[in-house]
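This is what each chain is made of:
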Amino acid sequence: MLRKLYPLCTSSSIFQKIGLVRCRSSGNILMRSRDDLINCERIIVKLGSAVVTRENGDGLALGRLASVIEQISELHYQGKQVILVSSGAVAFGRQRLINQLLMGQSVRQTLRDINKHQLVINPRACAGAGQSGLMSLYEAMFAQYGIPCAQVLITKPDFTKPDSRRLLRSTLSDLLTMNIVPILNENDVVTNESESKYGRINLNDNDSFAAALSVELDVELLILLSNVDGIFTAPPDEPNSRLIETFNPQSMMEVKFGGKSSVGRGGMSTKCAAAMWAVENQVSVVIANGMTSGSTIKDIMAGKKVGTFFSLESSDGPSVETQAHMARLGGRALAALPADKRAKIITNLSELLIKESNSILNANTLDLEAAKGSLSSHNIARLKLTQDKLKTLSDGLRLIAQSAHSTTDQVLRRTRIAKDMILELKTVPIGVLLVIFESRPDALPQVAALSIASGNGLMLKGGKEAWHTNNTLFSLVQRALEEYCPPTAIQLINTREEVADLLKMNQFIDLIIPRGSSQLVKSIQDAAGSIPVMGHAEGICHLYVDKDCDIQKARRIVVDSKCDYPAACNAMETLLIHRSHLDSRVFQKIIEDLKQNSVKINVGPRLAMLLPVSPQPVESFSTEFGSLECNVEVVDSLQDAVQHIHTYGSGHTDVIVTEDEAAAKLFTSSVDSACVFHNCSSRFSDGYRFGLGAEVGISTSRIHARGPVGIQGLLTTKWILSGDGQRPTRGEEEDVAEGAV
């Protein structure tokens, strides 16, 4: 995805006005969202005094430090360059000096029960006593992971003198190149309050030092760990104070800061100022709570919604919760529309796909250019749109429009309960759908049309690799809706963190449909909580060539199932051949056909034992290749084939090629998959081919919907009972239905 390259300096910046902005020609690109933080290679982790020290201010919080060091070590072994900026020398030194003073007291003084917190000790003396001990502790902790570290003490003059900055950059670059973790701290021994001010930024606290270092060293991510969950609109203990999850320049207007930290020299105001300055200089920043012994740093790197993420982007749009609420209200308005108007919306969308095809393809070209080198060939194939694809897509939408007349408000059953009492079972929309799809932007108008036809509100999340295409297609959906219905019935979200929020909103989201890799589907299923998830984790489709097959049919079906569109989830991944064909032309011809189509063939272990010369047999039959590659294995019987499918299949689509009708019937009744075919390509497992117009996905579950899911799979039912003042009978006789009307 092409990220927006923000200007390094802006004339409106308050930091320019105070002379602190240092415009630089860095190669860094500011991360647009939390999703991109995983790509950061050079990171500064700053530990605030409250994180490093115990709650009483004396000594170090060893458990928290151990957790931080473990997480930094994991990043180190992932190839990340991590710099640690640590407070804590003063607190550690204070503890040592107090103990020293108490040991030097007379017995009489000791018995006086002196309150050691009332002892006044020069902070610079504490820093001198604490620096060596703090560094020894870090060395011991990092040594547990086999990682060397080095201490670097810095002062304000190091940033005001060009030669000092150059030497600092050189030293730290050398340490990072040698895989040494630099541990930096302001040299509190020589700190002078009179030289702490630099414009409006206080360089005497480690937050500003960390921000300055991040700019000097071309750091991509600065993590400021404190004792609060992030930036709040007011001190966290005040009523109605709320966490600001994404902080931008406009956010400063709504924040009321509290006082300074009780153990450090900074506060949230200095953290905010330092963070915004770093962001304006192309360094991404997250402020989060480092007081827990959990996985804060790892969660930040994984893009999870932890702490406050700083951005230059305006947050003019609604929150994801507001979007979901609008989808609920808009979906109800959509469901109330007459069927002919919903059909007209879909017809208009199908026409817009053709009318605006040039705009769509231009946007798609931007995505394809951005994806070069980062996506596999089969994902590029899914991402790419053509005029032919748009024409097929438009035709499919017209079929959906025709189906819209027989979706909602259909009476499935009508029963007379008693005299003048009629009970009806009617079709109704499910409510609000959350559909998550990867790579394939053509899924957006398909899913939108199915939601419109079924009267459902919709939240869409496409892959970031199709950002331009998805936004262009979404604008067409909005245009098609606005004549008859609030466009807010269908919403588009763009980040994983928004999806994470939606997975918790069971008050708005009624069904989640993930479309994509098995990893995506499984992650959504694990995180969805109480919201139902419909989909399939993998498309491991089998094709069995029976002993009584027609060789020409078998050849055509095998080649089409594998080669027509190998990236599709309904493409053949394993070919099973009856043992009797090994010495016949059937086996030889099919293998030749696959090789002529550049298919890489992986030989199964049983087949490998029967061939005179064979490569290393495949280790797993549970792989969805999504490319011109497949497994080939031999089986002794139809029952053997069925057993293989049940062992390694995903319940998606499986095929038999045979002229024996009894064998075909046995196969189709025995194989426990959503789609089972006889003498036809697995590629027919598709909503469009089934006459559904399109599909919202393919379900391999057994509840609600199975196989390609079209409009009917997006409907549920409700009972409507009409009477004339009746009440249930109380006594010996019970009300019972008299029968269907």
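Residues numbered from 1 in each chain as written. Predicted model: local features only at pLDDT ≥ 70, side-chain atom pairs only at ≥ 80, totals over all residues. Heavy atoms only, no water.

1. What to know about the nonpolar core
Part 1 of the reasoning: In terms of nonpolar packing, the biggest core is built from 50 residues, with Ile346, Val435, Leu460, Ile490 and Val696 touching the most fellow members.
Part 2 of the reasoning: Element by element, the count of residues in this core is highest for helix H17 (residues 443–454), at eight residues.
Part 3 of the reasoning: Leave out the neighbours within four places in its chain, and valine 435 touches Val447, Leu458, Met459, Leu460, Lys461, Ile513, Arg515 and Val696.
Part 4 of the reasoning: By size, the runner-up hydrophobic cluster in this structure holds 42 residues, among which are Val85, Leu175, Val255 and Met276. (Core = buried A, V, L, I, M, F, W, Y, C linked by side-chain atoms within 4.5 Å. Buried < 20%, exposed > 50% of the residue type's maximum accessible area, 1.4 Å probe, protein only. Helix = DSSP H or I, 4+ residues; strand = E, 2+ residues; numbered from the N terminus. Contact = heavy atoms within 4.5 Å.)

2. Observations concerning the pattern of salt bridges
Part 1 of the reasoning: Scanning all chains against the criterion turns up 30 salt bridges.
Part 2 of the reasoning: Salt-bridge contacts for aspartate 564 lead to arginine 683; the nearest nitrogen and oxygen are separated by 2.8 Å. Taken together, the residues aspartate 564 in the loop between helix H21 (551–563) and strand E18 (572–578) and arginine 683 in the loop between strand E22 (675–678) and strand E23 (697–699) connect sequence positions 119 residues apart.
Part 3 of the reasoning: When its relative accessible area of 45% is taken as the criterion, aspartate 564 is described as partly exposed.
Part 4 of the reasoning: Given the relative accessible area of 18%, arginine 683 is considered buried.
Part 5 of the reasoning: Each of the salt bridges in this network shares a partner with another, and the network as a whole consists of Asp409, Arg414, Glu424 and Lys426. (Salt bridge = Lys/Arg side-chain N within 4 Å of Asp/Glu carboxyl O.)

3. Points about the packing of aromatic side chains
Part 1 of the reasoning: One pass over the full model with this rule turns up four aromatic pairs.
Part 2 of the reasoning: A centroid spacing of 6.3 Å and a plane angle of 20° characterise the contact between tyrosine 544 and phenylalanine 667, whose relative ring orientation is stacked. Separated by 123 residues along the polypeptide, tyrosine 544 in strand E17 (residues 541–545) and phenylalanine 667 in helix H25 (residues 661–670) bring together distant segments of the chain. In this pair, the class of tyrosine 544 matches that of phenylalanine 667, namely buried. (Phe/Tyr/Trp six-rings, centres within 6.5 Å; stacked < 30°, edge-to-face > 60°.)

4. Focus on the packing of helix H13 (residues 339–355) against H17
Part 1 of the reasoning: Interaxial distance between H13 and H17 falls to 9 Å at its minimum, and their mutual angle equals 165°. Between H13 and H17, the angle falls in the class roughly antiparallel. Taken as a pair, H13 and H17 cross one another with a handedness that is left-handed. Across the interface between the two elements, Arg342, Ile345, Ile346, Leu349 and Leu353 from H13 touch Pro445, Ala449, Ile452 and Ala453 from H17.
Part 2 of the reasoning: Residue composition of the contact of H13 with H17, grouped by class: eight nonpolar, no polar and one charged. (Axes fitted to C-alpha atoms, helices over the stretch in contact; angles between N-to-C directions. Parallel < 35°, antiparallel > 145°, perpendicular 65-115°, else oblique. Left-handed = near helix turned anticlockwise from the far one by under 90°. Nonpolar A, V, L, I, M, F, W, Y, C, P; charged D, E, K, R; others polar.)

5. Some details on the side chain of aspartate 546
Part 1 of the reasoning: Topologically, aspartate 546 is positioned in the loop between E17 and H21.
Part 2 of the reasoning: A polar atom in the side chain of aspartate 546 sits 2.8 Å from the side chain of threonine 658.
Part 3 of the reasoning: Setting aside residues up to four positions removed in sequence, aspartate 546 forms contacts with His578, His581, Ile656, Val657, Thr658, Asp660 and Ala663. (Polar contact = N/O pair within 3.5 Å; in protein donor to acceptor, adjacent residues only side chain to side chain.)

6. What about the state of the cysteines?
Part 1 of the reasoning: Applying the stated rule across the entire model yields zero disulfides.
Part 2 of the reasoning: Here cysteine 569 stays unpaired: no disulfide links it, and the sulfur of cysteine 541, its closest cysteine neighbor, is 6.8 Å away.
Part 3 of the reasoning: Given the relative accessible area of 18%, cysteine 569 is considered buried. (Disulfide = S-S within 2.5 Å.)

7. Here's the deal with the packing of helix H14 (residues 357–371) against helix H18 (residues 467–481)
Part 1 of the reasoning: In the contact formed by H14 and H18, the axes pass within 7 Å of each other and the chain directions differ by 155°. Taken together, the axis directions place H14 and H18 in an arrangement best described as roughly antiparallel. Contacts from Ser359, Ile360, Ala363, Asn364, Leu366 and Asp367 of H14 reach H18 at Trp467, His468, Thr469, Thr472, Leu473 and Leu476.
Part 2 of the reasoning: Grouping the amino acids of the contact of H14 with H18 by side-chain chemistry returns six nonpolar, five polar and one charged.

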